[in-house]
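These are the residues of each chain, in order.
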Amino acid sequence: MVKKWWHSSVVYQIYPRSFNDSNGDGIGDLKGIIEKLDYLKNLGIDVIWLSPVFKSPNDDNGYDISDYEDIMDEFGTLEDMELLLKEANNRGIKILMDLVANHTSDEHKWFIESRKSKDNAYRDYYIWRDPVDGHEPNDLGSTFSGSAWEWDEATGQYYLHLFSKKQPDLNWENPIVREEVWKSMNFWIDKGIGGFRMDVIELLGKIPDEKIISNGPMLHEYIREMNRNSFGDKDLLTVGECWGATPEIAKMYSNPDGSELSMVFQFEHIGLDQIPGKDKWDLQPLNLIDLKNVFHKWQTCFHDDGWNSLFWNNHDTPRIVSRWGNDKVYKIESAKMLATLLHGLKGTPYIYQGEELGMANIKFKDINQYKDIETLNMYKDRLNKGYKHEDIMESIYAKGRDNARTPMQWSDEIDGGFTTGTPWIEVNPNFTEINAKEQVSNPNSIYNYYKKLIEIRKNNEVIVYGDFEMLLPEDKNIFAYVRTLKDSKIVVVCNFYENEVEYNIPKEYEEKKEVLISNYGLSLTGRLRPFEAIMYRV
Ligand code: NOJ
């Protein structure tokens, strides 16, 4: 396989609104990120994925862009962004911008024009349809509840919005729209960014009239056109958010011939604790065997013909230590176990801000303490449908996106040192116990454990390129595997639960020649303590 710099990189995702506030307005900003670059450098990451920082009225916290070539007022200025790029670059850190090209804000000048009249030059930038029998053209739903069609009184047509009604979908069938997108991408490439994370990229080829939304027939054609017209001849990292990718589709996106993207960011493991066929709020317990099967599939499907991301968290998902670990009795052990499991795998790891500290989910008592449009819309929708308040809150506690969006916990000072003002969303009260200041100086902290895992990846090619083999595939408690590259073999054994378990690993993998990392210090033979994890060379 032709080696690429991003094969061995580790990416860190920043949700700027919640990262670090430098000016006391309660909202994180670009200067705040600059202040923390040394913290990230010390952790050892190579790349930052910056959730959107572009101009936005913030209906969906920046995923509703009103100007692709300018910075959101709360976050700073274009000059601040240039300074951030420069300072990151000085530390050898690249920055990925979040390309949200499926939709814009309804406050983008294109949409303001588009809705003026049916013959406006920008009308075809968006997806407008006549009513059918006085109703929406069809029953397509929005991810944020309700219909995906919004009636526009002024021009007597509906427009499509797969997310909020303030996020109208762009019409990718219009070649001028595509050119506008390439132009904005090149604006940022010229500023020296390291690449793009591409929001809901799989929706670009949609055919709404036929209710084809993901993976439409033109999707890969558009991505190849994008590639040719923007980053194709540059050495950038491009990663597509693909909820519905199969390994076959992933091989198209991440074809090593470079015609599309570098890698996929697919979610098959993330959906395993929801009831099949229902949506994310309908919970079911995770079955470890299912998780093992999904990882096995994605670890073995590529033969030098594709590349995947590795992640437990992002800004849309709950905190992993609360989700599949234990954020009470075993928070440190379980956070480290989950980190070991993931960081020994093949693919490019992504760490979401605060994950390296074991930051946990939040339980706000009052629905008004929540800020996320998806959560608030779902709450109203389900109340109207007759669900009980308590049941809806249980779903929000488990899956609400604000779990990931409470401010970063920098210290045990007021509001976790995130701001000197009033934070836009309340800080998790556990900041006195879980915070960066304590963990950076504590050699046994989760932070220093992540730092070591990153170092291990950098020093062991077998972790980057080695083959994967699942061990104990039928075991309901243990996730164990071996990675092999030529003579080098590394074994990872993790107890996924809080009960002590016995296990018998195949003889050839028993002898621990060199323990690379473990969360309990000295390991026992044939027995694992609660959430115990160990990575060793055989
Ligand atoms: C996916 C993003 O990750 C999410 O935060 C956002 O709400 C939707 N796309 C719409 O842009």
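Above this text is the structure in question.
All values reported here derive from a predicted model rather than from experimental measurement.

> Go over the overall build of the protein with me, naming the residues and quoting the values.
Each helix and strand in the protein was counted, giving 15 helices and 20 strands. Its C-alpha radius of gyration of 23 Å places the protein within 12% of the 24 Å reference for a compact globule of 538 residues. Overall, the protein is about 75 × 50 × 50 Å in size when its C-alpha atoms are taken along their principal axes. By the burial criterion, 60% of the 538 residues in the protein qualify as buried. Contacts in the protein between residues at least 24 apart in sequence constitute 69% of all its contacts with a sequence separation of at least 6. Of the roughly 21,100 Å² of accessible surface on the protein, a fraction of 48% belongs to carbon and sulfur atoms. Of the charged side chains in the protein, 63 are positive and 89 negative; the average position of the first set lies 4 Å away from that of the second.

> Can you break down the pairing of strand β2 (residues 47-50) residue by residue, with the values?
Judged by which residues are buried, β2 turns out to be covered on both faces: Val47 and Trp49 on one side and Ile48 and Leu50 on the other are all buried. Sheet analysis places strand β1 (residues 11-14) next to β2, joined by four bridges and oriented parallel. Residue pairing across strands places Tyr12 opposite Ile48, the latter belonging to β2. Across four bridges, the pairing between β2 and strand β5 (residues 94-99) is parallel. Bridge assignment links Trp49 to a residue of β5, and that residue is Leu96.

> Explain the nonpolar core to me, and be specific about the residues and the numbers.
Counting 150 residues, the largest nonpolar core has Tyr12, Ile45, Leu50, Met81, Met97, Tyr253 and Leu291 as the members making the most contacts within it. Take this core: its biggest share by element is seven residues, from helix α14 (residues 446-459). Formed by 14 residues, the second largest nonpolar core is a distinct cluster that contains Leu471, Leu472, Val501 and Tyr509.

> Describe in detail the environment of Asp46, supporting the description with residues and values.
Tracing the backbone through its elements, the reader meets Asp46 in the loop between α2 (37-43) and β2. Residues Asp46 and Leu291, spaced 245 residues apart in sequence, show a C-alpha to C-alpha distance of 28 Å. Apart from residues lying up to four places away in sequence, Asp46 is in contact with Ser8, Ser9, Val10, Gly92, Ile93, Lys94 and Lys458. Side chain to side chain, Asp46 and Lys458 meet in a polar contact 2.6 Å long.

> I'd like a description of unusual backbone geometry, backed by residues and values.
Of note, Asp133 is a non-glycine position whose phi angle comes to about 50°, a positive value. Positive phi, normally seen in glycine, also occurs at Asp304, with a value near 60°. Counting through the fold element by element, Asp304 comes out in the loop between α8 (288-300) and β12 (309-310). Owing to a relative accessible area of 45%, Asp304 belongs among the partly exposed residues under this scheme.

> Give me the lowdown on the layout of surface pockets, citing residues and values where you can.
Volume-wise, the largest pocket comes out at about 1,000 Å³. Forming the walls of the largest pocket are 43 residues, and the residues nearest its centre are Thr143, Phe163, Trp243, Lys280 and Glu374. Element by element, the count of residues in the lining of the largest pocket is highest for helix α11 (residues 373-384), at four residues. Its residues assigned to classes, the lining of the largest pocket comprises 14 nonpolar, twelve polar and 17 charged. Estimated volume of the second largest pocket: approximately 570 Å³. In terms of lining residues, the second largest pocket is bounded by 26 residues, among which Ser322, Asp327, Lys328, Asn361 and Tyr397 are the most central. Broken down by secondary-structure element, the contributors of at least two residues to the lining of the second largest pocket are α9 (320-323) and α12 (389-399). The dominant element in the lining of the second largest pocket, judged by the number of residues it contributes, is α12, at four residues.

> Break down α12 for me, with residues and values.
Here α12 has its buried residues at Ile392, Met393, Ser395, Ile396, Tyr397 and Lys399. Buried residues along α12 sit in contact with α9 and α11.

> I'd like to hear about the packing of aromatic side chains, residue by residue, with values.
Within the structure shown, the criterion is met by 35 aromatic pairs. Taken together, a centroid distance of 5.9 Å and an interplanar angle of 90° make the contact between Trp312 and Trp324 edge-to-face. On the criterion of sequence distance, the pair formed by Trp312 in the loop between β12 and α9 and Trp324 in the loop between α9 and α10 (331-343) is long-range, its members being twelve residues apart. Look at Trp324 and you get buried, because its relative accessible area is 7%. Within the aromatic cluster, the residues linked to one another by ring pairs are Phe54, Tyr68, Trp110, Tyr122, Tyr125, Phe187 and Trp188. Here Lys191 stacks its cationic end above the ring of Phe187, 4.9 Å away from the centre of that ring.

> Summarise the pattern of salt bridges; cite the residues concerned and give the values.
Counted under the stated rule, the structure contains 44 salt bridges. When the shortest N-O distance is used, the salt bridge between Glu69 and Lys183 registers 3.1 Å. Of this pair, Glu69 sits in strand β4 (residues 67-71) while Lys183 sits in helix α5 (residues 175-190), placing them 114 residues apart in sequence. Across the pair Arg224 and Glu221 runs a salt bridge whose closest N-O atoms are separated by 3.8 Å. Placement of the pair is Arg224 and Glu221 together in helix α6 (residues 219-229), with a separation of three residues, close to one helical turn. Exposure remark for Arg224: the relative accessible area of 27% places this residue in the partly exposed category.

> An account of the environment of Gln157 is requested, with residue identities and associated values reported.
Among the secondary structure elements, Gln157 is positioned in strand β8 (residues 157-160). Since its relative accessible area comes to 10%, Gln157 is described here as buried. Sequence-wise, Gln157 and Pro16 are 141 residues apart; in three dimensions their C-alpha atoms are separated by 36 Å. At a separation of 2.7 Å, a polar atom in the side chain of Gln157 contacts the side chain of Arg123.

> Tell me about the site of the ligand, and name the residues and values.
Taken together, 13 residues form the shell around the ligand, and within it Asp60, Asp199, His315, Asp316 and Arg401 come nearest. His315 is positioned with one of its side-chain polar atoms (N or O) 2.8 Å from an oxygen atom of the ligand. With the chains in place, 97% of the 300 Å² that the ligand exposes on its own is no longer accessible. Of the pockets mapped on this structure, the ligand occupies the largest pocket. Grouping the amino acids of the shell around the ligand by side-chain chemistry returns four nonpolar, two polar and seven charged.

Analysis parameters
Residues numbered from 1 in each chain as written. Predicted model: local features only at pLDDT ≥ 70, side-chain atom pairs only at ≥ 80, totals over all residues. Heavy atoms only, no water. Helix = DSSP H or I, 4+ residues; strand = E, 2+ residues; numbered from the N terminus. Rg over C-alpha atoms; globule rule 2.2 N^0.38 Å. Buried < 20%, exposed > 50% of the residue type's maximum accessible area, 1.4 Å probe, protein only. Contact = heavy atoms within 4.5 Å. Areas by Shrake-Rupley, 256 points an atom, 1.4 Å probe, with all protein chains shown as cover. Lys, Arg positive; Asp, Glu negative; His and termini not counted. Charge placed at Lys NZ, Arg CZ, Asp CG, Glu CD. Pairing = 2+ DSSP bridges. Core = buried A, V, L, I, M, F, W, Y, C linked by side-chain atoms within 4.5 Å. Polar contact = N/O pair within 3.5 Å; in protein donor to acceptor, adjacent residues only side chain to side chain. 1 Å grid on protein atoms, 1.4 Å probe; cavity = no way out; pocket = protein on both sides within 12 Å on 5 of 7 lines; lining within 4 Å. Points joined across faces, edges and corners; volume = space filled by probe spheres on them. Nonpolar A, V, L, I, M, F, W, Y, C, P; charged D, E, K, R; others polar. Phe/Tyr/Trp six-rings, centres within 6.5 Å; stacked < 30°, edge-to-face > 60°. Lys NZ or Arg CZ within 6 Å of the ring centre and 35° of its normal. Salt bridge = Lys/Arg side-chain N within 4 Å of Asp/Glu carboxyl O. Near = heavy atom within 4 Å. Sits in = over half its atoms within 2 Å of the grid points.

Just geometry here; none of it tells us what the structure is for.
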